[in-house]
Amino acid sequence: MSWLALIAGAIFEGFAGLLAITILYLIWTGKISLAKLISENNGDASLSRLQFLIFTFVISLTLFLVSVGGATPQFPSKIPPEIFALLGISASSYLVSKGIQFSSPAGIAKPALAISPTSASSATPGPVTLAASLVNAAPGSALPALTWSLDAPAHGTLAPQPPGNAIFTPAPDITMGTVVTIRVQTNGYDDGTSVYTY
Amino acid sequence: MSHDSLALIAKWEIGLFLIGLAAIIAYRLLNGKINTRYLLYGLDAKGNHYFSPLRIQLLVTTIGVAIHYLLSAAQASPGEMPKLPDGTLGLLGVSNAAYLGGKAFAFFKNQQ
């Protein structure tokens, strides 16, 4: 029976080793993306997540070190309760932090700009008035200074009307079927776009 | 192939995986491939970022406790997890509470 256990162990270790190498390789090549490992929904990095990550690695490395430190590998007979408390403090701090954050739209998703109308189609080219507004921002937030632009190729002109409007005038020779994308930008907000089809 | 050989292979597999993963994450954190934007900045209810010293103290406390515990682990007896020094949990609790208190204050002070 002993040889069967050895074969099973060797197969399992081979599989686990290949899995570990594959995971590390995919992370290194970027196919498994860790870019948002400690990010919140709104795109900001989270200190609570970083703390939890650090403690997770510290505990796992410690467990590994004490398990293999002796002549024969040996799992610790007792895990000190302080370790659970340490992870508990870190995890509850993260949860409370999320609770605070979710009490405001700004903490849930990255604030963005929106253009009204979002999309439209028109058979008769003529000036169009567009209005920008804030999305995922706290109620009462003032509209910041905006930059309006047309995605290339332009097919017309854009005249900003501060604080939140712009008038798009299509080119006189615009052909039917042309798609025009109007964009509004400002720092700290995702771009807003409006798509016009002629 | 013996049980000792399997144990040795397992030891290297787990060790290299853990160290490799930690090294990749540390490298990506330092070169910005893992997003660290506004890590030390708070966010108020209006969506404005502000520099937060409370985040610095939490980061320093976290790194301090982590390094201390890893050093204790290096000197621990095999098969026995090291204990945290007295007061460490209290320190970490106060540090987290200060961070959360500051965050809550900044979030709610401007809310109507």
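Our subject is the structure listed above.
So, a few notes on the structure that sits alongside this text.

Next up on the list: the interface of chain B and chain A. Contact residues are listed per partner, giving 66 residues for chain B and 68 residues for chain A. At the boundary of chain B with chain A, total buried surface from both sides reaches about 5,700 Å², with 73% on carbon and sulfur atoms. For the pair chain B and chain A, the interface holds one salt bridge. Residue D44 of chain A pairs with R37 of chain B through a salt bridge whose shortest N-O separation is 3.5 Å. Put simply, chain B and chain A have twelve residue pairs in polar contact (both at pLDDT 80 or more) between them. Where the side of chain B that touches chain A is concerned, the elements lending two or more residues are α1 (3–30), α2 (53–75) and α3 (88–108) of chain B. Per-element accounting of the side of chain B that touches chain A gives the leading share, 21 residues, to α1 of chain B. Classifying every residue of the side of chain B that touches chain A by side-chain character gives 41 nonpolar, 14 polar and eleven charged.

This part takes up the side chain of E82 of chain A. Within the secondary structure, E82 of chain A sits in helix α3 (residues 81–101). The side chain of E82 of chain A is buried and forms no salt bridge, while K83 of chain B, the nearest opposite charge, is found at 5.3 Å. Setting aside its immediate chain neighbours within four residues, E82 of chain A contacts K83, L84 and L89 of chain B.

Here the focus is the sheet that holds strand β4 (residues 147–150) of chain A. Residues and elements named next belong to chain A. Ordered by their spatial adjacency, four strands build an open sheet running β2-β8-β7-β4, and the pairing between neighbours is mixed. The open sheet is flanked by β2 (119–121) and β4, the only strands paired with a single partner. Here the strands of the sheet are splayed against their neighbours by 15° on average, with no regard to which way each runs. Where β2 lies against strand β8 (residues 192–197), three bridges are found, and the strand directions are parallel. By the bridge assignment for β8, S119 is matched with V195.

Mapped onto the elements of the fold, R28 of chain B is located in helix α1. For the buried R28 of chain B, which has no salt bridge, the nearest side chain bearing the opposite charge is D44 of chain A, at an N-O separation of 20 Å. Once you skip the residues sitting within four places of it in the chain, R28 of chain B turns out to touch I27 and W28 of chain A together with K33 and I34 of chain B.

The rules behind each value
Residues numbered from 1 in each chain as written. Chains lettered and ligands numbered in written order. Predicted model: local features only at pLDDT ≥ 70, side-chain atom pairs only at ≥ 80, totals over all residues. Heavy atoms only, no water. Contact = heavy atoms within 4.5 Å. Buried area = accessible area lost by both parts, 1.4 Å probe. Salt bridge = Lys/Arg side-chain N within 4 Å of Asp/Glu carboxyl O. Polar contact = N/O pair within 3.5 Å; in protein donor to acceptor, adjacent residues only side chain to side chain. Helix = DSSP H or I, 4+ residues; strand = E, 2+ residues; numbered from the N terminus. Nonpolar A, V, L, I, M, F, W, Y, C, P; charged D, E, K, R; others polar. Buried < 20%, exposed > 50% of the residue type's maximum accessible area, 1.4 Å probe, protein only. Lys, Arg positive; Asp, Glu negative; His and termini not counted. Pairing = 2+ DSSP bridges. Axes fitted to C-alpha atoms, helices over the stretch in contact; angles between N-to-C directions.

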